[in-house]
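This is what each chain is made of:
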Amino acid sequence: MDQHGAADGFVQLLNPEGDHVDSVTGPDGVTYAVDFTDDEYRGLYQDMVTVRRLDAEGVALQRQGELGLWASLLGQEAAQVGSGRALQPQDMAFPTYREHGVLYCRGIDPIMPFGLFRGVDQGGWDPNEFKFNQYTIVIGSQTLHATGYAMGVTMEGRTGSDDGEAVIAYFGDGASSQGEVNEAFVWSGVFNAPVVFFCQNNQYAISAAAERQTRVPLFRRAGGYGFPGIRVDGNDVLASYAVTRAALDHARHGQGPKLIEAYTYRMGAHTSSDDPTRYRMAGEVEAWKAKDPISRLKAFLVKQRIAGDDFFAQVEDDARKAALDLRERVLAMPDRQPVELFDHVYPTGSPELDAQRRWFTGYHASFDSTDG
Amino acid sequence: MITLGKALNHGLRRALEDDPKVVIMGEDVGKLGGVFRITDGLQKDFGENRVIDTPLAEAGIVGTAVGLAIRGFRPVCEIQFDGFVFPAYNQIVAQVAKMHYRSKGKLRLPITIRIPYGGGIGAVEHHSESPEAYFAHTPGLKVVTCSNPVDAYTMIQQAIASDDPVIFFEPKRRYWEKGEVDLDAPLSGAFPLHSARVVRPGGDATLLAYGPMVRVALDAASAAAEDGRELEVIDVRSLSPIDYPVIFESVRRTGRAVVVHEAPGNVGLGAEIAARITEECFYSLEAPVLRVTGYDIPYPAARIEEEYLPDLDRVLDAVDRSFGW
Ligand SMILES: Cc1ncc(C[n+]2csc(CCOP(=O)(O)OP(=O)(O)O)c2C)c(N)n1
Ligand SMILES: [Mg+2]
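All values reported here derive from a predicted model rather than from experimental measurement.

**Q** Requested: an account of the packing of helix α3 (residues 58–70) of chain B against helix α4 (residues 89–96) of chain B, with residues and values cited.
**A** The description of two packed helices rests on the angle between their axes and on the distance between the axes. Residue and element names in this part refer to chain B. Running from amino to carboxyl end, α3 crosses α4 at an angle of 25°, the nearest separation of the two axes being 8 Å. With respect to their mutual orientation, α3 and α4 come out roughly parallel. Residues A59, V62, G63 and V66 of α3 pack against N90, Q91, I92, Q95 and V96 of α4. Of the residues that constitute the contact of α3 with α4, the class distribution is five nonpolar, four polar and no charged.

Right, dumping it as structure tokens:
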């Protein structure tokens, strides 16, 4: 068991050395297990390597001036792939700005959030088409949106069976302090909403260590709101999957919300604008490197003879190609036409805005005629 | 020469030195020194009780500041970016603004709320907004904004020393602009916090700007001078209350006024200023008061923001229209 989590016990199926147990009963009395085929184990590995590689491309593109900002998921691959793969097609996800790994697991083209980070748009995708909401930058707001969506699921009678719908709301340790997040807990509890609150405790909110947000382990907060909470080793993809799967099933069967605290670590900077050397020690990062989510699954695959060198080389190669393809497509993203500023402010339009658009067009045309 | 950001840092340091009741509170203001480093080094020198890294909760930052102020402290809150002030909006508008009035003057809330605002830095959404009108509209709040290092240094100290709650808007894209600042200048006798200032004299038209747009207005005035037009530029500085006598005096002389701000024009500061000029200077006006503002749209994505932001050309276009009346 990880010594950080040991004090309060977290659900772990795969330790940093790659040794695994078939099942474990959590402090909540629930028995957690996975029954993956070898193909599925290899698939989880491939997912994690791919999202890490794509993420590295985001970091690189930002450094080269091609993105305005990038929020790296480095270190959180297991929490994101584990929870992301636990989602059923009918489930709805409400991400923060860092859930590129969950997005990938939803089968969405990884280029989708790059418009936001490149600054060509503010997302621009249809949450209902992808069952994946817009990224939310204002900390915590999406937890209430997820709760409301989940209330709608209940109102439409879409819970109570194996193919019922569940909702997952992602947020961070920092977000747990926001009033809106606490209101989401209240509402989901009171209305027994089919929502899973998935908190990636990556130990930091920019420079603030998690202790600045709470005196009790975050998962325990759930008790006060009247629903179960559980802490999982967020660097263990198997446990992250098992715990999320169980919570989603709990919700889809109409049994109400759960809070999952995925105990993990933000290995990189908060975003490309951040300098973590100002607030944390290199030694701390090193200690977490030893618990890397990808190396432990690799160790497991090797020990279990599920995969060998050829497979690992192939995965690296595929990931590299995916990243290259992503890079080329990001560089080719078309900039928007200036006049598009005025699009989509209101579904029903506004005469006042139409007038501003006309003025804008005329104003620009006046430059064209003097230049030409 | 120091930057506007560094001038704020020096001003905050002096406020902490001058009054043991001054406390700084906000997200990442301590160890990190703030995401813009405005509070750099202050926690190290004044300790964790004076410079407080808060939980991630803006309602908490301002709400607890109210309690601290009732207890006799002089809190200086940092809101990390303009777009993140709204969780605290309830506390600011419903509590901070009204406490003095409700207590029949018995309570004073000498709270300063610092908000980096405005665009032009290529940021993602919620990091480039200009929400000043929401606050200027609220009785009980004073609202100011600085445009240069000298003002940054004095105004932040004056805001903290003021017994009024002050919303202090910092033009984030000007944080790196440099100027000569006399760090030993006494606060008493400094240019008053709520006064507007003529930053470039001229007799042909009056440009009114504040915060990040003062630089744009000055550049426009320089360009206009080459064409033989002398534009007077006024840095409005205080958005509530507005120093109207200075504005009226200028407009009565020039007969023309153009107000410039980044925020959308609809129900913005420019609308209020234009209305007041019209009421008070009607017979001096040669043309209607014109506004150059952001469009009435949500702040756009970074790669298109230059199209949104008022620039030199748009200001000169408005000046031309004023003269063409
Ligand atoms: C309401 C609000 N306040 C402040 C910010 C600035 N900000 C962006 S990310 C962040 C820290 C978030 O920490 P956490 O919730 O732990 O998520 P993480 O970034 O670690 O994934 C802050 C303070 C914001 N985006 N929204
Ligand atoms: Mg965090």
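**Q** So what about the sheet that holds strand β11 (residues 231–235) of chain B? Which residues, and what values?
**A** Residues and elements named next belong to chain B. Taking strand neighbours across the sheet as the criterion, the five strands line up as β9-β11-β10-β13-β14 in an open arrangement whose pairing is mixed. Of all the strands in the sheet, the pair left with one neighbour each is β9 (197–200) and β14 (290–294). Neighbour-to-neighbour, the strand axes of this sheet turn through a mean angle of 25°, independent of strand direction. As judged from the five bridges shared by strand β10 (residues 205–209) and β11, these two strands associate in the parallel manner. From the neighbouring strand, T206 faces β11, where its bridge partner is E232.

**Q** Tell me about the interface of chain B and chain A, and please be specific about residues and values.
**A** Taken together, the 30 residues of chain B in the interface contact 36 residues of chain A. Looking at the side of chain B that touches chain A, the elements that each hand over two or more residues are α3 and α11 (305–308) of chain B. Of the residues contributing to the side of chain B that touches chain A, the split by class is 17 nonpolar, four polar and nine charged.

**Q** Can you explain the pairing of strand β4 (residues 167–172) of chain A? Please cite residues and give values.
**A** Residues and elements named next belong to chain A. Where burial is concerned, most of β4 is hidden: six out of the six residues are buried. Along β4, one buried face is formed by V167, A169 and F171 and the opposite face, lined by I168, Y170 and G172, is buried too. Note: strand β3 (residues 92–94) against β4, three bridges, orientation parallel. Looking at the pairing, A93 lines up with I168 of β4. Examined bridge by bridge, β4 and strand β5 (residues 195–201) share six bridges and lie parallel to one another. Among the inter-strand pairings, G172 is bridged to a residue of β5, identified as Q200. Viewed along the sheet, the connection from β4 through helix α8 (residues 179–190) into β5 turns out right-handed.

**Q** Which residues make up the environment of L187(B), and what values do they have?
**A** Within the secondary structure layout, L187(B) lies in the loop between β8 (178–179) and β9. Between the C-alpha atom of L187(B) and that of R321(B), which follows or precedes it by 134 residues, the distance is 42 Å.

**Q** Outline the sheet that holds strand β8 (residues 229–233) of chain A, supporting the account with residue identities and numerical values.
**A** Residues and elements named next belong to chain A. If you trace the five strands from one edge of the open sheet to the other, you get β3-β4-β5-β9-β8, paired in parallel fashion. In the strand order of this sheet, the two ends are held by β3 and β8, each with one partner. The sheet shows a mean angle of 20° between the axes of neighbouring strands, taken without regard to direction. In this structure, β5 lies alongside strand β9 (residues 258–263), joined through six bridges in parallel fashion. Bridge pairing links Q200 to A262 in β9. Docked against the sheet, helix α7 (residues 141–155) engages β3, β4 and β5, running at close to 170° with respect to β4.

**Q** Describe the UniProt feature "domain: Dehydrogenase E1 component" (unreviewed entry) in chain A, and please don't skip the residues or the numbers.
**A** Annotation from UniProt places "domain: Dehydrogenase E1 component" (unreviewed entry) at residues 47–323 of chain A. Each end of residues 47–323 of chain A is marked by a C-alpha atom, and these two atoms are 13 Å apart; helix forms 45% of the span and strand 11%.

**Q** How would you summarise the site of ligand 1 if you had to cite specific residues and measurements?
**A** In the vicinity of ligand 1, 21 residues are found, and the nearest of them are I139(A), G172(A), G174(A), A205(A) and F84(B). In this structure ligand 1 sits where residues from chains A and B come together. Residue composition of the shell around ligand 1, grouped by class: 10 nonpolar, six polar and five charged.

**Q** If you had to explain helix α10 (residues 269–281) of chain B to someone new, which residues and values would you point to?
**A** Residue and element names in this part refer to chain B. Compared with the 18 Å implied by 1.5 Å per residue over 13 residues, the 18 Å span of α10 between its first and last C-alpha is a close match. Regarding α10, the residues found buried are L269, G270, I273, A274, I277 and C281. Down the axis of α10, the smallest arc covering the buried residues is 125°, so these residues share one side. More than 90 degrees from the buried face of α10, the exposed residues found are A275 and E279. The inward-facing, buried residues of α10 contact α6 (132–136), β10, β12 (238–240), α9 (244–254), β13 (257–264) and β14.

**Q** Provide a residue-level description of unusual backbone geometry, including the pertinent values.
**A** Working note: non-glycine residues mostly have negative phi, and peptide bonds are mostly trans. All names here are of chain B. With an omega of 0°, the peptide bond running from S240 to P241 counts as cis. With respect to the element layout, P241 can be found in the loop between β12 and α9. Residues other than glycine seldom take positive phi values, yet D28 does so here, at roughly 65°. Within the secondary structure, D28 is located in the loop between β2 (22–26) and α2 (42–46). The residue V267 is not glycine, and still its phi comes out positive at about 55°. With 13 C-beta atoms packed within 10 Å, V267 lands in the partly exposed category.

Cut-offs used in this document
- The residue count restarts for each chain, going from 1 along the sequence in the order it is written.
- A letter from A marks each chain and a number from 1 marks each ligand, given out in the order of writing.
- Side-chain atom pairs in this predicted model are given and counted only at pLDDT of 80 or more, local residue features only at pLDDT of at least 70, and totals for whole chains, interfaces and linings cover all residues.
- Angular values range over 0 to 180 degrees, each being the angle between N-to-C directions of two axes fitted as lines to C-alpha atoms, with helices fitted over their stretch in contact.
- A run of H or I in DSSP becomes a helix once it reaches four residues, and a run of E becomes a strand once it reaches two; helices and strands are each numbered from the N terminus.
- Roughly parallel means an angle under 35 degrees; roughly antiparallel, over 145; roughly perpendicular, 65 to 115; everything else is oblique.
- Two residues form a contact once the distance between their C-beta atoms, set from the backbone, is within 7 Å.
- Only Asp, Glu, Lys and Arg are considered charged, only Ala, Val, Leu, Ile, Met, Phe, Trp, Tyr, Cys and Pro nonpolar, and every remaining residue, Gly among them, polar.
- Two strands are said to pair when DSSP picks up at least two bridges between them.
- Each residue is classed by its C-beta neighbour count within 10 Å, where at least 20 other C-beta atoms makes it buried, 12 or fewer makes it exposed, and intermediate counts make it partly exposed; the C-beta atoms are placed from backbone geometry.
- With the strands pointing away from the viewer, any crossover whose connection runs clockwise from the first strand over the helix to the second is right-handed.
- UniProt positions are given in the numbering used here, feature names are shortened, and annotations may be inferred rather than shown by experiment.
- Each residue gets a C-beta atom placed from its backbone. Should that atom fall within 6 Å of a molecule or strand, the residue is termed near it.
- One less than the residue count of a helix, multiplied by 1.5 Å, gives the span that helix is expected to have.
- Taking the helix axis as origin, the arc is that swept by the directions to the C-beta atoms.

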